[in-house]
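Single-letter residue listing:
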Amino acid sequence: MLKDFKWQPQGQASFGGALLGLYQRLDQCFVRLAQGCQAREFKFPSHLPAVTLEKLDYFNSFPHLITMPVTLERSEENLENFRGNRALHDGAISLTRIAPIRHVLTPAACYHFYQFFDGSSLEGPLYLTTAATCNRCEDYYEPLQRQWNFNMREIVCIGAADTVKSFLAEHEEKVSALAKKYGIAITWQDATDPFFKPAQNPKHLAQRLDPVKKEMIFGDGLAIGSVNFHRNYFGEAFHITANGEAAYSGCVAFGLERWMHAVIKTFGEYPKDWPDFA
Amino acid sequence: MSEQDVKKQLRDWVASKSKAGKPVNDDTPLMEQRVITSMQVMDLILFIEKLSGRPVDAGKLKKGVFRDVNTIYENFFHA
């Protein structure tokens, strides 16, 4: 039983004390990795506009993962109706009329960057980093391993194709070295994104034939992070150019709770046995 | 059909689908440069079936088979 840890079966973890210390040290460890390429750090809001995700065909590719922030339609009558009939039914809120939903809770940290640099002509490569609480609705949840809300640290490169490919290759090596240094056993595996009905989605077939995602696999198959080559997909969608052509991009992503799981699984639940990640 | 004819037909088909309108060589990385987008992969399979006269089982395709025109020729047309 982990100390200072509380799990809600709907896929949400709360933690403090030594666990929070581990979370923070892991994140700082990845921030130092980002500093190696002089990445600029950003902080983004919790929501992304629906129009941003529509540009990425997200609603078609990942409808099963989406979580949306819902607000009530703001007429006094509607708010009074809600207030008067607010009893929960099996834990669920009885809604009255809802306002149009124009946002989605962030599903992946790096999406914010493409929106932020929308329309930019880059004079040189961008190296960026951010951490975000991400939200993905799943069929089942497991503490630290599969959560509705989880935290992701990303290091992103946007620029010319060769620059992005070098960045990804270099960071794959750096992550391998970092995992080895701290005794976390990982292997790398080609992977595809978790598409809805993959057999019917040509994007899944395309990713299988030309892999653009490599996952850092811990233990018996848990992906604790990934290296992703987006080619010029985001550059085209958001009109970001490098050398006059659609920019390429790539990211290195770390699932912070999953790294915590890897540490606990490897070294046990006593904080004194954990690496310091200094 | 000769190797050169097949490769020319493949190049022409790819060029006709490419949004960028860039020249397509036999070693142009088709998927990496998104000359062929993921949404066009099924169309490419249908075109290869038509050109080769043989069915292609998409489920059995291996990584890298559509890398460039040379690779497509080697995987689907080379005896």
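Because the structure is a prediction, the values reported are computed rather than measured.

Novice: Quick question: what am I supposed to make of the overall build of chain A here?
Specialist: Each helix and strand counted, chain A has nine helices and 16 strands in total. Here chain A has a C-alpha radius of gyration of 20 Å; the compact-globule value for 278 residues is 19 Å, and the two agree. Each principal axis of the C-alpha atoms in chain A carries an extent, and together these give about 60 × 55 × 35 Å. For chain A, buried positions account for 47% of its 278 residues. Restricting to contacts in chain A with at least 6 residues of sequence separation, those with at least 24 account for 71%. Averaged over its 28 positive side-chain charges, chain A has a centre that lies 3 Å from the centre of its 31 negative ones.

Novice: I would appreciate a short explanation of the interface of chain B and chain A in the present structure.
Specialist: By convention, interface size is frequently given as the accessible area that disappears when the constituent parts associate. Counting from both sides, the interface comprises 19 residues of chain B and, opposite them, 17 residues of chain A. Here chain B and chain A share an interface that buries about 1600 Å² over both sides, 56% of which is from carbon and sulfur atoms. A per-residue breakdown of the area chain B buries against chain A is headed by B:Met31, B:Glu32 and B:Arg34, which together make up 40% of the total. Inspection of the chain B/chain A interface yields three salt bridges. One salt bridge connects B:Lys63 with A:Asp190, and the closest N-O pair in it is separated by 2.6 Å. Our count for the chain B to chain A interface comes out at eight residue pairs in polar contact (both at pLDDT 80 or more). A breakdown of the residues in the side of chain B that touches chain A according to their chemical character gives nine nonpolar, four polar and six charged.

Novice: I tried to follow the pairing of strand E12 (residues 213–218) of chain A on my own but got confused; where do I start?
Specialist: A regular strand places its side chains so that they alternate between the two faces of the sheet. Residue and element names in this part refer to chain A. Both strand E11 (residues 186–191) and E12 contribute to a ladder of six bridges, which runs antiparallel. What sits directly across from Trp-188, in E12, is Met-216. Here E12 pairs with strand E13 (residues 222–231) via six bridges, running antiparallel. By the bridge assignment for E13, Lys-213 is matched with Asn-228. The hairpin turn running from E12 into E13, its antiparallel successor, is three residues long, and Gly-219 in that turn takes a positive phi close to 60 degrees.

Novice: It is not clear to me how the pattern of salt bridges should be interpreted in this structure. Could you clarify?
Specialist: Note on pairing: side chains with opposite charge can pair once their charged atoms come close. Residues and elements named next belong to chain A. Scanning the model with the defined rule gives 20 salt bridges over all chains in all. Between Lys-203 and Asp-57 there is a salt bridge, and its shortest N-O distance comes to 3.0 Å. Residue Lys-203 is located in helix H7 (residues 202–209), and its partner Asp-57 is located in the loop between helix H2 (50–55) and helix H3 (58–61); the two are separated by 146 residues in the primary sequence. Note on Lys-203: relative accessible area 10%, which makes it buried. Classification of Asp-57 as partly exposed rests on a relative accessible area of 22%. Look at the salt bridges and you will find they share partners, linking Asp-27, Glu-41 and Arg-153 into a network.

Novice: Please explain a nonpolar patch on the surface as it appears in this structure.
Specialist: A surface patch of nonpolar side chains, about 630 Å² in accessible area, is lined by A:Met68, A:Val70, A:Leu88, A:Ile93, A:Leu95, A:Ile98 and A:Ile101. On the secondary structure map, A:Val70 appears in the loop between H3 and helix H4 (76–84).

The rules we used
- Residues numbered from 1 in each chain as written.
- Chains lettered and ligands numbered in written order.
- Predicted model: local features only at pLDDT ≥ 70, side-chain atom pairs only at ≥ 80, totals over all residues.
- Heavy atoms only, no water.
- Helix = DSSP H or I, 4+ residues; strand = E, 2+ residues; numbered from the N terminus.
- Rg over C-alpha atoms; globule rule 2.2 N^0.38 Å.
- Buried < 20%, exposed > 50% of the residue type's maximum accessible area, 1.4 Å probe, protein only.
- Contact = heavy atoms within 4.5 Å.
- Lys, Arg positive; Asp, Glu negative; His and termini not counted.
- Charge placed at Lys NZ, Arg CZ, Asp CG, Glu CD.
- Buried area = accessible area lost by both parts, 1.4 Å probe.
- Salt bridge = Lys/Arg side-chain N within 4 Å of Asp/Glu carboxyl O.
- Polar contact = N/O pair within 3.5 Å; in protein donor to acceptor, adjacent residues only side chain to side chain.
- Nonpolar A, V, L, I, M, F, W, Y, C, P; charged D, E, K, R; others polar.
- Pairing = 2+ DSSP bridges.
- Patch = residues over 30% accessible without salt bridge, like charges linked within 9 Å, V, L, I, M, F, W, Y side chains within 5 Å.
- Areas by Shrake-Rupley, 256 points an atom, 1.4 Å probe, with all protein chains shown as cover.

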